2 protein chains.
Amino acid sequence: MKNIDGNLIFDHAPRIASYASAVGKKEGEGPLRDWFDRIIRDSYAGKDTFEQAESELMTTAVRIALNKGDYTQEDIDLACCGDLLNQCVASSFAMRSYAIPYAGVYGACSTMALSMILSATAIESGAARRAVCAASSHYCTAERQYRFPLEYGSQRPPTAQWTVTGSGACVLEERSRITPNTKTAAHQTTLERLDSDDSAFPKRDKRPHPIYLHSARLGRIIDFRITDQNNMGAAMAPAAADTIYRYLSASESEVQDYDMIFTGDLGRVGSRLLRDLLSEKGVELGEHHSDCGVMIFDEDQDVHAGGSGCGCCASVLCGYILDKMRDGTFRNILFVPTGALLSPTTVMQKQSIPSIAHLINIRTNA
Amino acid sequence: MKNIDGNLIFDHAPRIASYASAVGKKEGEGPLRDWFDRIIRDSYAGKDTFEQAESELMTTAVRIALNKGDYTQEDIDLACCGDLLNQCVASSFAMRSYAIPYAGVYGACSTMALSMILSATAIESGAARRAVCAASSHYCTAERQYRFPLEYGSQRPPTAQWTVTGSGACVLEERSRITPNTKTAAHQTTLERLDSDDSAFPKRDKRPHPIYLHSARLGRIIDFRITDQNNMGAAMAPAAADTIYRYLSASESEVQDYDMIFTGDLGRVGSRLLRDLLSEKGVELGEHHSDCGVMIFDEDQDVHAGGSGCGCCASVLCGYILDKMRDGTFRNILFVPTGALLSPTTVMQKQSIPSIAHLINIRTNA
């Protein structure tokens, strides 16, 4: 692969061989409900704690992604996963049931892109033939870790976002080993069903449309000195603007070259800021921008500025977006999750919120 | 590069172009004091909080490593860093002062090896020419996050380890760009000195001895159902045994082929367990094993089973070990940091401690 002014161009363009998403009840009632593989209506997912439930979401997404591709853990050389919990325990507890070499990553809500970029890099280098990437979040674990115990019933300001209960997982594979990626009824029936609604399984296009990573860009840490942890969108928008602007410049491409630029979870407030910041630099997003945090919930679902969390863009990517690439609706997109690299401790210590955005250009020949 | 039964063999063998370590007062009074670049005697490192002090340790280690190699941030394509703090804030706050594409990683105390392996992979793939890797920990941030506020003066059991206050950083570089790596007096004087004791600066060998990464192995998550968070050595030893055994098998090499196998921070208890576990498999470590957690403190420093924390093996590697490779004492070593992937929450929820160990074979032509 090549590094051109910070843009990473994949020579062998790793393909997304399979993918899956598992989400909670609220997400399963939202506008993207038909694209999730599994909707787990129980906040505990049958476990004893919310933290274990979050691990179960990731385990489920990974298991379905492996099943769809007809992979066993022996087929996978690398697992690259992350989440928001202290010490990233949702991921390590989820992945301890797999005997796969494991790399934990932390990029806050940008984690899914970080794990995909590092995995694709490992595939390009020859370190791995296939890698599984996953990220998760859970409303209940995030609330008690970052904010208040749920029982307080705290009031949230309009700029606040709602942490998505969900996980997305995908298998990246080197291009020389392309095999048809069809989801058969036989695979579906081997899956443990939990309490999901079967009607939530989308009918997938059976034609093999290779979806592949064309290029990517790892972001820099940007700190705009925002200190309001209830306005993460404002903290993260400058990072998204920086990464998108630099990617477009280095690739000599324009917004109009992409069917859509999907940011991670800027929400409504952050999305408006991103438009303004890019507009100041002469880049107009126009109709070519959507935000996973805005897409995943309806406005009447009482989530204020939209969804957030590692699981937000991960489940939207590994549900709606990639399905829409399989059916040819999108052929060339930018996936740009953003992360706010704060902790409750840094907030209490009155530190500002450093942020980051990583970008992946995903294409299909469909 | 090649993946042979999980062993990653580097084709271009990225070299360690420069490295540095910064530690606290207690570490600066230990047996490895002469090999650290900077000893910061103030627990706050001149900052307002312990967390900021930990970031300062990493910033210092990274800055010295860059200075030694005569690099500016424009020379570096990737920063791969991690620490133990919730949401890895020591790293993200340390690295926000650099405009370097940033990948946060989390492997608990195995973080230094994880960041070096992912960076080396990125270099092999062509994604980066040079990458900076760093990891840090701080006794005071770890105690209040994982255990009790320092003011409690809690009694610690004999199996407990002492979190190292320190950070190590190194610059990895593709082999085609080898330049002499000499530390000149001029570079030293450009460094901000803080309150360190100048006599702590070792006299470095000026001859350029390329130290390079020959191969590596990413570990799998191993859970031996240990639940005592005051006995991390026992929890991590099985992971170290697994990774070392599999590496030796896949490389068809023996313990005697290596000058030394340095584990990360098993401490005295975990080290004994590692010997036993490997001995059961017919692998005798004999005189070829040392543990960074045992090496960094004297027995009379009241640290019980030894040192721990991401900064333990990072500062020992980027001080004593690499210096001893530069002067030819060691020519072929295995660096095997271990990580306990727990969190205070999982401990309170009575979960066991999943662990992991990553391995790097570092060689020199000296």
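Residues numbered from 1 in each chain as written. Chains lettered and ligands numbered in written order. Predicted model: local features only at pLDDT ≥ 70, side-chain atom pairs only at ≥ 80, totals over all residues. Heavy atoms only, no water.

- In the nomenclature of an unreviewed UniProt entry, chain A corresponds to Stage V sporulation protein AD from the organism Ruminococcus difficilis.

## Re the environment of Ser308 of chain A
All names here are of chain A.
So, point 1. Topologically, Ser308 is positioned in strand E13 (residues 307-308).
So, point 2. Distance from Ser308 to Ala160, taken between C-alpha atoms, is 9.4 Å for residues 148 residues apart in sequence.
So, point 3. Discounting chain neighbours no more than four positions away, the residues touching Ser308 are Ser137, Gln161, Trp162, Thr163, Val164 and Asp265. (Helix = DSSP H or I, 4+ residues; strand = E, 2+ residues; numbered from the N terminus. Contact = heavy atoms within 4.5 Å.)

## Details of helix H5 (residues 139-146) of chain B
Residues and elements named next belong to chain B.
So, point 1. Taking burial as the measure, the 8 residues of H5 include 7 buried ones, the bulk of the element.
So, point 2. Among all positions of H5, only Tyr139, Cys140, Thr141, Ala142, Glu143, Gln145 and Tyr146 are buried.
So, point 3. Among the structural elements, helix H2 (50-68), strand E7 (130-137), strand E8 (162-163) and helix H11 (344-348) are those in contact with the buried residues of H5. (Buried < 20%, exposed > 50% of the residue type's maximum accessible area, 1.4 Å probe, protein only.)

## Things to note about the pairing of strand E17 (residues 359-364) of chain A
All names here are of chain A.
So, point 1. A large share of E17 lies buried, amounting to 5 of its 6 residues.
So, point 2. Where strand E10 (residues 211-217) meets E17, 6 bridges bridge the pair, whose relative direction is antiparallel. Paired with Leu213 across the strands is Ile362, a residue of E17.
So, point 3. Where strand E14 (residues 332-336) meets E17, 4 bridges bridge the pair, whose relative direction is antiparallel. For Phe335, the partnering residue across the bridge sits in E17 and is Ile360. (Pairing = 2+ DSSP bridges.)

## Let's talk about the pattern of salt bridges
So, point 1. Summed over all chains, the structure comprises 26 salt bridges over all chains.
So, point 2. Two residues, Asp223 of chain B and Arg96 of chain A, come together in a salt bridge whose shortest N-O distance is 2.4 Å. With Asp223 of chain B in the loop between strand E10 (211-217) and helix H7 (232-251) and Arg96 of chain A in the loop between helix H3 (89-95) and strand E6 (102-104), the pair connects residues from two separate chains.
So, point 3. Accessibility expressed as a relative area gives 17% for Asp223 of chain B, which makes it buried.
So, point 4. Close ionic contact of Glu51 of chain B with Arg144 of chain B constitutes a salt bridge, the shortest N to O distance being 2.5 Å. Here Glu51 of chain B is found in helix H2, whereas its partner Arg144 of chain B is found in helix H5, with 93 residues between them in sequence. (Salt bridge = Lys/Arg side-chain N within 4 Å of Asp/Glu carboxyl O.)

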